[in-house]
Amino acid sequence: MFERLERAPDDPILGLMAAFRADSDPKKVDLGVGVFRDAKGDTPVLDCVRKAEQAILARQTSKTYVAPAGNAGFNQAMERLVFGSEHPVFGAERIRSIQGPGGCGALRLGAELVRLAAPQSTVHVSTPTWANHVPLMTGTGLQLARYPYYEPARGTINFGAMCQALEALPAGDVVLLHASCHNPTGADLSREQWQELVPLFRRKHLLPYIDMAYQGLGTGQEEDAFGIRLFAAELPEVLVAVSCSKNFGLYRERVGVLHVVTDSAAVGLAALSHEVRVARSIYSMPPDHGAAIVHEILGNEALRDSWTRELQGMRERINGLRRQLVVQLREACPARDFGFIAQQRGMFSLLGLSVDEVKRIRAQQHVYMTDDSRINIAGLRAENIEYFARAVAQVLG
Ligand SMILES: Cc1ncc(COP(=O)(O)O)c(C=O)c1O
């Protein structure tokens, strides 16, 4: 049977990681894969995570199944983290949540719910968007389309073009938005822009599907969730997929959650009943350990304070690197304006190099980034930031 299969194309990020590992040049710089790195270039286990794990291991007496919807305590703690403890969705019982295996698992659960409820609807993603959004949405059988978002020449959002495109969509279509730290551009919607989108979504009966993989790594824990909280307060239905991979450093534990905000409690219960069936049909139950860690951290004052400080440290490192990089690039390539990098948020920015320039900077300067010239800002270090800026200057001529 399997002889009929042709080899699938390689995943570009995995290929880039392998090429980086094989490069023996000591100057090599990895700005490819999207993981946070500290000043030494490591992706460490957070202190609060270590302590939470110790407490869990000391206490745990069984490894029996949890439930298809996951750890209820974790789901509730995430609701409060994402929406804030006073949000009106709680009083009205307008929110139901299901733990997913990572942000990807949560994104897929939401897409499956859309397919069950409205199989004819199209999911619209930003141009550009995180590459994995495409298979996560279309793998369900839903159609995919794109709306304009990023203006490379200015390094900002083309909000006018975005609104114009959304205005033309049919009722019932789904619009995938990034809550903050847009991947790959780093260009986020401002508060005013989120506010302007509310009446448009209401009038056009569009379903917002918000992906939040970087809460607290952009401007702040509360600030990064602004759009989600606003949309959930103002619109009848919202899907929110959350990842704990980056802000808790739990990448390999696969922990995330899907929040389904509905117009009424009864609709929410029906939606959750379908989500449970979807989970059963794919992986049955999510893994426990990562969710148990997050639950422990969010429910313990000392651990939560420690997490807040560690998260702030990660955020400040990224934002500090953004400012330093602009200074270094201004010196190395005065003819080109990279000032937008300091205005953007999160781990990523698009440098604006051509594919040929990306290939040359890799071959000649040992600097690794994806072909679209997305750089992981956290991959830079005090020791290599100047080298990197000069490498950019060299490749730009
Ligand atoms: C925009 C975005 N959404 C979702 C995710 C999901 O991450 P994970 O499945 O590792 O939790 C990522 C990870 O890179 C991401 O960048």
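This text goes with the structure placed above it.
Residues numbered from 1 in each chain as written. Predicted model: local features only at pLDDT ≥ 70, side-chain atom pairs only at ≥ 80, totals over all residues. Heavy atoms only, no water.

1. Thoughts on the pattern of salt bridges
Phase 1 of the analysis: This structure, assessed with the given rule, holds 16 salt bridges.
Phase 2 of the analysis: Where Glu 167 meets Arg 203, a salt bridge forms, and the shortest distance between an N and an O atom there is 3.0 Å. Taken together, the positions of Glu 167 in helix H7 (residues 159-167) and Arg 203 in helix H8 (residues 191-204) put the pair 36 residues apart, joining distant regions of the chain.
Phase 3 of the analysis: Within this structure, Arg 108, Glu 112 and Arg 115 form a network of salt bridges that share partners. (Salt bridge = Lys/Arg side-chain N within 4 Å of Asp/Glu carboxyl O. Helix = DSSP H or I, 4+ residues; strand = E, 2+ residues; numbered from the N terminus.)

2. Focus: the site of the ligand
Phase 1 of the analysis: The environment of the ligand is made up of 13 residues, and the closest members are Gly 103, Asp 211, Ser 243, Ser 245 and Arg 254.
Phase 2 of the analysis: Contact between the ligand and Asn 183: an oxygen atom at 2.8 Å from a side-chain N or O atom of the residue.
Phase 3 of the analysis: Between the ligand and Ser 245, the relevant distance is 2.6 Å, taken from an oxygen atom to a side-chain nitrogen or oxygen of the residue.
Phase 4 of the analysis: If the ligand stood free it would expose 390 Å²; the protein chains cover 90% of that surface.
Phase 5 of the analysis: Of the residues forming the shell around the ligand, the biggest block, 4 residues, is contributed by helix H5 (residues 102-117).
Phase 6 of the analysis: When grouped by side-chain class, the residues that make up the shell around the ligand number 5 nonpolar, 5 polar and 3 charged. (Near = heavy atom within 4 Å. Polar contact = N/O pair within 3.5 Å; in protein donor to acceptor, adjacent residues only side chain to side chain. Areas by Shrake-Rupley, 256 points an atom, 1.4 Å probe, with all protein chains shown as cover. Nonpolar A, V, L, I, M, F, W, Y, C, P; charged D, E, K, R; others polar.)

3. Some remarks on the pairing of strand S4 (residues 143-148)
Phase 1 of the analysis: The pairing of strand S3 (residues 122-127) with S4 spans 6 bridges and is parallel. The residue of S4 that forms the bridge with Val 125 is Arg 146. (Pairing = 2+ DSSP bridges.)

4. A closer look at the sheet that holds strand S10 (residues 256-261)
Phase 1 of the analysis: As summarised here, the arrangement of the 7 strands in space is S2-S10-S9-S8-S7-S3-S4, forming an open sheet in which the pairing is mixed. Of all strands in the sheet, those bounded by a partner on one side alone are strand S2 (95-100) and S4. Neighbour to neighbour, the strand axes of the sheet diverge by 25 degrees on average, direction disregarded.
Phase 2 of the analysis: Relative to S10, helix H3 (residues 72-83) is tilted by about 70 degrees, and along the sheet it contacts S2, strand S8 (207-212), strand S9 (238-243) and S10.
Phase 3 of the analysis: Set on the sheet, H7 makes contact with S4 and strand S7 (174-178); between it and S4 the angle comes to about 140 degrees. (Axes fitted to C-alpha atoms, helices over the stretch in contact; angles between N-to-C directions. Contact = heavy atoms within 4.5 Å.)

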